[in-house]
Amino acid sequence: MGLLRGLLAPFQIFNDLVLPIGRGIAVACIALMVVCILVQVFFRYVLNNAQPWPDEAARFLMLWMTGLMAPSAYRVGGFVAIDMFERALPRALAALVSLFLLSVSLLVLLMAVKLGMDHSGGMSWNFKSATLWVPLDWVGGKSFKLALAWMYMSLLVGFILLTIVNIELILRSLITLTGGGGTLKPLSDIDFAGAE
């Protein structure tokens, strides 16, 4: 059990430090997304002159919000789940089923990380946004279109963080199965709409 606790500690510390930062950035993304949508509504319905960039900017922000918020929700059980089967089983068997499902999730997440790396590197930096410009000419630089790889990068970051959370959950599940679950530090004080 000491080995498992030693393996768990870096993952738990990392998640305790990084995930709140991600949540803060995600909240800023939501606020900016709302501003972009309101700008689009104003230009489209008040000025009758729809702008091309707010829709793409809102999508960009939504992807980053999702990639940064999903790991926190996953960590505290905030995803939608059908857990009737698990609750009907005896505690030890339910823990084994949960461990199996976490292991399958880890395999899926590792494939997603690989796909995220494929989409975020190489040629994806050559594809530019149709409407999102970085206006550096305001500060004496040269303006340029935002690379779409920054959108794909949100998915890669999200999948990497989800993988780290998943490994933490697997280690916690193993510690619980070996009888040490009562001594584990609670995951978080976050409450995603009544998550247990």
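So, here is what we can say about the structure in this document. (Residues numbered from 1 in each chain as written. Predicted model: local features only at pLDDT ≥ 70, side-chain atom pairs only at ≥ 80, totals over all residues. Heavy atoms only, no water.)

### Some remarks on the pattern of salt bridges
The criterion, for reference: One speaks of a salt bridge when a side-chain nitrogen belonging to Lys or Arg is within 4 Å of a carboxyl oxygen belonging to Asp or Glu. To qualify as a helix, a DSSP run of H or I must reach at least 4 residues; to qualify as a strand, a run of E must reach at least 2; elements of each kind are numbered from the N terminus. For the exposure calls, accessible area comes from a 1.4 Å probe over protein chains only, and a residue counts as buried if that area is under 20% of its type's maximum, exposed if over 50%, partly exposed in between.
One pass over the structure, following the stated rule, counts three salt bridges. When the shortest N-O distance is used, the salt bridge between Arg75 and Glu168 registers 2.8 Å. Separated by 93 residues along the polypeptide, Arg75 in helix H2 (residues 53–75) and Glu168 in helix H5 (residues 149–177) bring together distant segments of the chain. Like Glu168, Arg75 is buried.

### Concerning the packing of aromatic side chains
The description of an aromatic ring pair rests on the distance of the ring centres and on the angle between the ring planes. The following threshold applies: Note on aromatic pairs: the rings of Phe, Tyr and Trp (six-membered ring only in Trp) are paired at centre separations within 6.5 Å, and the planes decide the class, stacked below 30 degrees, edge-to-face beyond 60, tilted for the rest.
If you walk through the whole model with that rule in mind, you get one aromatic pair. With a centroid separation of 5.8 Å and 90° between ring planes, the pair formed by Phe42 and Phe43 is classed as edge-to-face. By relative accessible area, which is 41% here, Phe42 ends up partly exposed. Here Phe43 falls in the partly exposed class, since its relative accessible area comes to 25%.

### Some points on the nonpolar core
In globular proteins that are soluble, nonpolar side chains generally tend to be buried together. This is how it is decided: The nonpolar core is taken to be a set of buried Ala, Val, Leu, Ile, Met, Phe, Trp, Tyr and Cys residues, with the residues joined through side-chain atoms within 4.5 Å. In this description, contact between two residues means that some pair of their heavy atoms is separated by no more than 4.5 Å.
Ranked by size, the top nonpolar core spans 18 residues in total, and within it Ala26, Cys29, Cys36, Phe60, Leu61, Trp64 and Leu68 carry the most contacts. When residues of this core are traced back to their parent elements, those giving at least two are helix H1 (2–46), H2 and H5. The leading source of residues in this core is H2, at eight residues. Non-local contacts of Trp64, meaning those with residues more than four positions away in its chain, are made with Cys29, Trp150, Met153, Ser154 and Val157.

By themselves, these are just geometric observations and shouldn't be taken as functional.
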